[in-house]
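An overview of the molecular structure
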Amino acid sequence: MSLNLPATATGLKQAEQEAKVIAGKLIQNTFDWRDYRVLPGGGRLDQADLSAKLEAFEQHFFSQPQRSQHPASAKTTWETAYAPYFRKLVAISTASPTLKLPEAVYATVRSTREHSRSRQSCCTALSSLAEFLNLE
């Protein structure tokens, strides 16, 4: 597992700390490889900003076999059922930078009307994102 740390004394200390964190997660049976996904440009997904996470999710969305067989349908689904709620998530995160991502997701859901089709679509899109990012 690459941590993209420099080969220095400081880098070694950081690697040892990360090894302890991983060991603790293994002992608690909470380790998940999704936390250590690497972005195409380098860096870990769990340490990326929201726009990079959304970009990685978009790439994942379109790489699914059922979507690559029907690219026009996948593009329509993305633009109508996913992108609007991700833009709303970005707007809420930008307006309230102190919110953690799970809190911003919840606020985005709450910004839609209760018992509506838009809330259902919002929950579908955001739950897919949350699963991809391994969020609770």
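Scroll up to find the structure this text is about.
Cut-offs used in this document
Residues numbered from 1 in each chain as written. Predicted model: local features only at pLDDT ≥ 70, side-chain atom pairs only at ≥ 80, totals over all residues. Heavy atoms only, no water. Phe/Tyr/Trp six-rings, centres within 6.5 Å; stacked < 30°, edge-to-face > 60°. Helix = DSSP H or I, 4+ residues; strand = E, 2+ residues; numbered from the N terminus. Buried < 20%, exposed > 50% of the residue type's maximum accessible area, 1.4 Å probe, protein only. Salt bridge = Lys/Arg side-chain N within 4 Å of Asp/Glu carboxyl O. Axes fitted to C-alpha atoms, helices over the stretch in contact; angles between N-to-C directions. Parallel < 35°, antiparallel > 145°, perpendicular 65-115°, else oblique. Left-handed = near helix turned anticlockwise from the far one by under 90°. Contact = heavy atoms within 4.5 Å. Nonpolar A, V, L, I, M, F, W, Y, C, P; charged D, E, K, R; others polar.

Moving on: the packing of aromatic side chains. The description of two aromatic rings rests on the distance between their centres and on the angle between their planes. The full count for this structure, using the stated rule, is twelve aromatic pairs. Consider the rings of Phe62 and Trp78, whose centres lie 5.8 Å apart with planes at 50°: the pair is tilted. You can see Phe62 sitting in helix α2 (residues 50–63) and its partner Trp78 sitting in helix α4 (residues 71–95), a full 16 residues away along the chain. Using a relative accessible area of 28% as the deciding quantity, one classes Phe62 as partly exposed. Given a relative accessible area of 9%, Trp78 falls into the buried group. Residues Trp78 and Tyr82 carry aromatic rings whose centres are separated by 5.7 Å and whose planes lie at 5° to one another, so their mutual orientation is stacked. Separated by four residues within a single helix, Trp78 and Tyr82 lie in helix α4, roughly one turn from each other.

Within this structure, the stated rule accounts for one salt bridge. Put simply, Glu79 and Lys75 hold a salt bridge, and the shortest N to O gap is 3.8 Å. A residue pair is termed a helical-turn pair when its members lie 3 or 4 positions apart in one helix, as Glu79 and Lys75 do in helix α4 at four residues. On the basis of relative accessible area, Glu79 is assigned to the partly exposed category, the value being 43%.

At their nearest, the axes of α2 and α4 sit 12 Å apart, and the two run at 165° to each other. The orientation of α2 relative to α4 falls into the category roughly antiparallel. The handedness of the crossing between α2 and α4 comes out as right-handed. Two secondary-structure elements touch here, α2 through Leu50, Leu54, Phe57, Glu58, Phe61 and Phe62 and α4 through Ala74, Lys75, Thr77, Trp78, Tyr82, Phe86, Leu89, Val90 and Ser93. Of the residues contributing to the contact of α2 with α4, the split by class is eleven nonpolar, two polar and two charged.

Geometric descriptors of this kind do not, in isolation, establish any biological role.
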